Amino acid sequence: MSSLVSALAYVHTTGQFGDYEGKNENDLLKISENKNLLIVQVVQYKNSTLPFQSIDIDGLKLKNEPLSVVSNNDTRFLWNGPKNWLLVSNKKDLIKSILDKFKDTDFAVTDLSHSRAIIEIEGQDVKEVLKKGCPFNFDSLEKNKSINSTYNGIALTIDMLDDNPNKVRLFALRSFGESLYHSITDASLEYGFNSV
Amino acid sequence: MLYIKCPHCGMRPQTEFSYGGDASVKRPELNKDISDQEWDDFVYNRKSLRGKHLELWQHISGCRQWIKVERDTSTHEIFRTFRADEEVA
């Protein structure tokens, strides 16, 4: 039996790093790797006229609204582009209902679960860390919004999970995961971070 | 930094985009007899204007959509952006 190796298994170590001394542990940034999420890309074909709004996955309905995220406690639908979504969920078995409800005559469904590295950052300085490598105006990024952009040249998806305190989930191609992790942790040293 | 307003995502840095050439070039109609010169003009010959220019860009690190951008090639000022399927008056 083979065991799964996470995207950041060789670089992510726990502990406190950077300028953490003399600071309250709760004020430090928290950086973690998120594993075992179901990540599915759903794209509706251009010639399809099927009303996607009626499709229900885990109690959620797709919304073709720029930067929007539709979510519940387990599942999030991230808008990736016109009629293009990224479905992210803790429920791995959701793939069955996704494949069942998004028929291949109208949708291209691709399971990307094993092709992404996922980093979560939490803390009041999250946006400052992101600003160091990404020229997007993060003051306009609110809770439950997501963007695709680049961080030090690495393409990534940023999902704003919460704003009190700020919490983001970063998705990058698995092969760029270690580079992104180094970029993010380098940028976080100034604030001090707790790697969990 | 140069910013381009993507008609789908909003204002984004130019580094997220990839230049795709002149947007005013139209492909010759299908099944129409055309001369070698017309093919040559469609495939290779460009005007390289100084001034207002309609260009194709792809939001490669964003929504991955092709868009049209009206830009001044001498000042880099961007006047308007459109979806790729939008007709520009």
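What counts, and at which threshold
- Residues numbered from 1 in each chain as written.
- Chains lettered and ligands numbered in written order.
- Predicted model: local features only at pLDDT ≥ 70, side-chain atom pairs only at ≥ 80, totals over all residues.
- Helix = DSSP H or I, 4+ residues; strand = E, 2+ residues; numbered from the N terminus.
- Buried ≥ 20, exposed ≤ 12 C-beta atoms within 10 Å, placed from the backbone.
- Contact = placed C-beta atoms within 7 Å.
- Rg over C-alpha atoms; globule rule 2.2 N^0.38 Å.
- Pairing = 2+ DSSP bridges.
- Axes fitted to C-alpha atoms, helices over the stretch in contact; angles between N-to-C directions.
- Nonpolar A, V, L, I, M, F, W, Y, C, P; charged D, E, K, R; others polar.
- Domains from an automatic or database assignment.
- Core = buried A, V, L, I, M, F, W, Y, C linked by C-beta atoms within 7 Å.

1. Side note on the overall build of chain B
And step 1. Summing up its helical and strand segments, chain B has 1 helix and 6 strands in all.
And step 2. Reading the secondary structure of chain B in the N-to-C direction produces β-β-β-α-β-β-β.
And step 3. Along the longest, intermediate and shortest principal axes, the C-alpha atoms of chain B span 45 × 25 × 25 Å.
And step 4. Considering chain B as a whole, with its 89 residues, one finds that 19% of them fall into the buried category.
And step 5. Counting contacts in chain B only where the partners sit at least 6 residues apart, residues at least 24 apart contribute 48% of the total.

2. Considering the overall build of chain A
And step 1. Across its full length, chain A holds 3 helices and 14 strands.
And step 2. Computed over the C-alpha atoms, the radius of gyration of chain A is 17 Å, within 12% of the 16 Å expected from 2.2 N^0.38 for a compact globule of 196 residues.
And step 3. In terms of principal-axis extent, the alpha carbons of chain A reach across some 60 × 45 × 30 Å.
And step 4. In chain A, which comprises 196 residues, the proportion classed as buried is 33%.
And step 5. Across chain A, contacts joining residues at least 24 apart in sequence account for 65% of those joining residues at least 6 apart.

3. Comments concerning the sheet that holds strand 9 (residues 107-111) of chain A
Residue and element names in this part refer to chain A.
And step 1. Judged by pairing direction, the sheet is antiparallel, and its 5 strands sit side by side in the order 6-7-8-3-9 without closing on themselves. With partners counted over all chains shown, the strands left at the sheet margins are strand 6 (69-71) and strand 9, one partner each. Taking each pair of neighbouring strands and ignoring which way they run, the sheet shows an average axis angle of 20°.
And step 2. Bridge analysis of strand 3 (residues 38-44) against strand 9 gives 5 bridges, and the strand direction is antiparallel. Considered in strand 9, the bridge of V40 is made with D111.
And step 3. The strands touched by helix 1 (residues 94-101) within the sheet are strand 3, strand 7 (75-81), strand 8 (84-89) and strand 9, with strand 3 carrying the most contacts at an inclination of about 10°.

4. Here we look at the interface of chain A and chain B
And step 1. Contact residues are listed per partner, giving 10 residues for chain A and 12 residues for chain B.
And step 2. Every element with two or more residues in the side of chain A that touches chain B is listed here: strand 7 and strand 11 (146-151) of chain A.
And step 3. Among the elements that make up the side of chain A that touches chain B, the one with the highest residue count is strand 11 of chain A (3 residues).
And step 4. Each residue belonging to the side of chain A that touches chain B can be placed in one class, and the counts come to 5 nonpolar, 5 polar and no charged.

5. Things to note about the sheet that holds strand 12 (residues 154-163) of chain A
Residue and element names in this part refer to chain A.
And step 1. The mixed open sheet is built from 7 strands, whose spatial order is 1-14-2-10-13-12-11. In this open sheet, the two strands that pair with only one neighbour each are strand 1 (15-17) and strand 11. Between one strand axis and the next, the sheet turns through 25° on average, direction left out of account.
And step 2. With 7 bridges joining them, strand 12 and strand 13 (residues 166-173) adopt antiparallel strand pairing. Within strand 13, the position partnered with M160 by the bridge is V168.
And step 3. Against the sheet, helix 3 (residues 177-188) contacts strand 1, strand 2 (29-33), strand 10 (116-122), strand 11, strand 12, strand 13 and strand 14 (193-195), and its axis sits at roughly 15° relative to strand 10.

6. Quick word on the domain arrangement of chain A
Residue and element names in this part refer to chain A.
And step 1. Per the domain assignment, the segments of chain A are domain 1 (15-35 + 115-195) and domain 2 (38-111).
And step 2. Centre-to-centre, using C-alpha coordinates, domain 1 lies 25 Å away from domain 2.
And step 3. The partner domain 2 presents 10 residues to the 8 residues of domain 1 that form the contact.
And step 4. When residues of the side of domain 1 that touches domain 2 are traced back to their parent elements, those giving at least two are strand 11 and strand 12.
And step 5. Here the element with the most residues in the side of domain 1 that touches domain 2 is strand 11; it accounts for 3 residues.
And step 6. Among the residues forming the side of domain 1 that touches domain 2, the class breakdown is 1 nonpolar, 4 polar and 3 charged.

7. Topic: the nonpolar core
And step 1. Of all hydrophobic cores here, the largest spans 51 residues; its most connected members are W85(A), L87(A), I119(A), I121(A), L170(A), L180(A) and I184(A).
And step 2. Sequence-distant contacts of I119(A), that is, excluding residues within four places in its chain, are made with I31(A), E33(A), L170(A), L180(A), Y181(A) and I184(A).

8. Looking at the pairing of strand 1 (residues 3-6) of chain B
And step 1. What you see with strand 1 of chain B is a clean split: I4(B) and C6(B) sit on the buried side and Y3(B) and K5(B) on the side with no burial.
And step 2. In this antiparallel pair of consecutive strands, strand 1 of chain B and strand 2 (residues 10-13) of chain B, the connection spans 3 residues.

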